Amino acid sequence: MSRRSEPRRDAPLGQNQNGSSTVKAGTSYSGLIKATARWEILRQHVEDGVPLTVLAEKHHIGLRTLQRWHQSFKLQGKPGLEPVAQGKRGRRMPSDFVKLVEGLALAKLPHG
């Protein structure tokens, strides 16, 4: 049986079986707290077999959210439960529309 370098699932959050850190670079303290809270909920499914639908209702968390957490856990172990920074989601306007607005803003209006 080959040993993989992934963290043991029963190791404390943020450590692997050797006691080395498994926390992702740049993870904040609050991110680690959130990952711990996520594990406390998801653990009931993983270790005790509680259906995700029951956990979703009990904890007022969307079923799809729990499914994503579970998938991340299966792929990465406990570090997969750490929050992922969201990218900037600025609104994008078509360049033609931007040019039209800029043109209107620069245009001289008749005085009347």
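Shown above is the structure to which this text applies.
Keep in mind that what you see is a predicted model, and the values were worked out from it rather than measured.

Q: Is there a simple way to think about the pattern of salt bridges in this case?
A: Pairing between side chains of opposite charge can happen when their charged atoms approach one another. Under the definition given, this model contains 3 salt bridges. A salt bridge links Glu47 to Arg43; the shortest N-O distance between them is 3.6 Å. With a gap of 4 residues between them, Glu47 and Arg43 both fall in helix 1 (residues 29–48), about one helical turn apart. Owing to a relative accessible area of 47%, Glu47 belongs among the partly exposed residues under this scheme. With a relative accessible area of 23%, Arg43 lands in the partly exposed category. With a closest N to O distance of 3.6 Å, Arg43 and Asp48 form a salt bridge. Taking relative accessible area as the criterion, Asp48 reaches 53% and is therefore assigned exposed. One network of salt bridges, in which partners are shared, links Glu40, Arg43, Glu47 and Asp48.

Q: Quick question: what am I supposed to make of helix 1 here?
A: Every α-helical turn comprises 3.6 residues, leaving residues that sit three or four positions apart pointing alike. Its 20 residues place the ends of helix 1 28 Å apart at the C-alpha level, agreeing with the 28 Å of an ideal helix rising 1.5 Å per residue. The largest bend along helix 1 reaches roughly 40° and is located at Leu42. For helix 1, the set of buried residues is Gly31, Ala35, Trp39, Ile41, Leu42 and Gln44. On its buried side, helix 1 packs onto helix 2 (52–59) and helix 3 (63–76). Downstream of helix 1 by a residue or two, Gly49 has a phi angle that is positive, lying close to 75°.

Q: Which parts of the structure should I look at to understand the environment of Ala56?
A: Checked against the element boundaries, Ala56 lands in helix 2. Accessibility expressed as a relative area gives 10% for Ala56, which makes it buried. For the pair formed by Ala56 and Ile41, sequence separation is 15 residues and the distance between their alpha carbons is 9.4 Å.

The rules behind these values
- Per chain, residues are indexed from 1 in the order of the written sequence.
- In keeping with the predicted nature of the model, local features appear solely for residues at pLDDT of at least 70, side-chain atom pairs appear and are counted solely at 80 or more, and the whole-chain, interface and lining totals rest on all residues.
- Side-chain measures were taken over the full set of non-hydrogen atoms in the model, leaving aside hydrogen atoms and water.
- Any carboxyl oxygen of Asp or Glu within 4 Å of a side-chain nitrogen of Lys or Arg constitutes a salt bridge here.
- Comment: elements are numbered from the N terminus, with helices defined as DSSP H or I runs of at least four residues and strands as E runs of at least two.
- Each residue gets one of three labels from its accessible area relative to the maximum for its type: buried under 20%, exposed over 50%, partly exposed in between, using a 1.4 Å probe on protein chains only.
- In this scheme, a helix's expected span is set at 1.5 Å multiplied by one less than its residue total.
- The term bend refers to the angle at a residue between two fitted axes, each drawn through seven residues, those ending there and those starting there.
- Contact between two residues is taken to exist if any of their heavy atoms lie within 4.5 Å; hydrogens are not considered.

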